[in-house]
Amino acid sequence: MKDTKGFKCYMALLITVGFLACIVTLIYTEIKTGSREAVLLLTGALGAMVKDVFGFYFGSSEGSQHKTELLQGATNDSQTV
């Protein structure tokens, strides 16, 4: 299994920064009427992704993934003996 932990961290950072950039854009710039709906839609989608990122990193998912990795390591060690 490939190690994707670094990729997940970068994607989580990119999603969080993108969400904050959308919020700052909405606060400090005047957006044209036709583009405003697209920016609001993007902000909502990124907000949902940020919720998932925080749920993974601060919820039980990361601990569960670590437990799975430990169990796989124990299985591989017992098979080589």
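Residues numbered from 1 in each chain as written. Predicted model: local features only at pLDDT ≥ 70, side-chain atom pairs only at ≥ 80, totals over all residues. Heavy atoms only, no water.

Right, let's get into the packing of helix α1 (residues 5-28) against helix α2 (residues 33-58). The geometry of α1 relative to α2 is characterised by a closest axis approach of 9 Å and an angle of 140 degrees between their N-to-C directions. Classed by the angle they form, the pair α1 and α2 counts as oblique. The two elements α1 and α2 meet at a crossing, and its hand is left-handed. For the pair formed by α1 and α2, the contact residues are Lys8, Cys9, Ala12, Ile15, Thr16, Gly18, Phe19, Cys22, Ile23 and Leu26 on the first element and Arg36, Val39, Leu40, Leu42, Thr43, Leu46, Gly47, Met49, Val50, Val53 and Tyr57 on the second. (Axes fitted to C-alpha atoms, helices over the stretch in contact; angles between N-to-C directions. Helix = DSSP H or I, 4+ residues; strand = E, 2+ residues; numbered from the N terminus. Parallel < 35°, antiparallel > 145°, perpendicular 65-115°, else oblique. Left-handed = near helix turned anticlockwise from the far one by under 90°. Contact = heavy atoms within 4.5 Å.)

Our focus in this paragraph is the nonpolar core. Grouped together as the largest cluster of nonpolar side chains are 6 residues: Ala12, Ile15, Cys22, Leu46, Val50 and Val53. At the level of secondary structure, the elements contributing two or more residues to this core comprise α1 and α2. Setting aside residues no more than four positions away along its own chain, Val53 makes contact with Ala12, Ile15 and Thr16. (Core = buried A, V, L, I, M, F, W, Y, C linked by side-chain atoms within 4.5 Å. Buried < 20%, exposed > 50% of the residue type's maximum accessible area, 1.4 Å probe, protein only.)

What follows covers a nonpolar patch on the surface. On the surface, Phe7, Met11 and Leu14 cluster together into a nonpolar patch covering about 320 Å² of accessible area. Along the chain, Leu14 falls in helix α1. (Patch = residues over 30% accessible without salt bridge, like charges linked within 9 Å, V, L, I, M, F, W, Y side chains within 5 Å. Areas by Shrake-Rupley, 256 points an atom, 1.4 Å probe, with all protein chains shown as cover. Salt bridge = Lys/Arg side-chain N within 4 Å of Asp/Glu carboxyl O.)

Right, let's get into the UniProt feature "transmembrane region" (unreviewed entry) in the protein. The sites that carry the UniProt feature "transmembrane region" (unreviewed entry) are, in the present numbering, residues 7-28 and 40-59. Taken end to end, residues 7-28 is 100% helix and 0% strand, and its first and last C-alpha atoms sit 31 Å apart. Between the end C-alpha atoms of residues 40-59 there is a gap of 27 Å, over a span that is 95% helix and 0% strand. (UniProt positions renumbered as here; feature names shortened; annotations may be inferred.)

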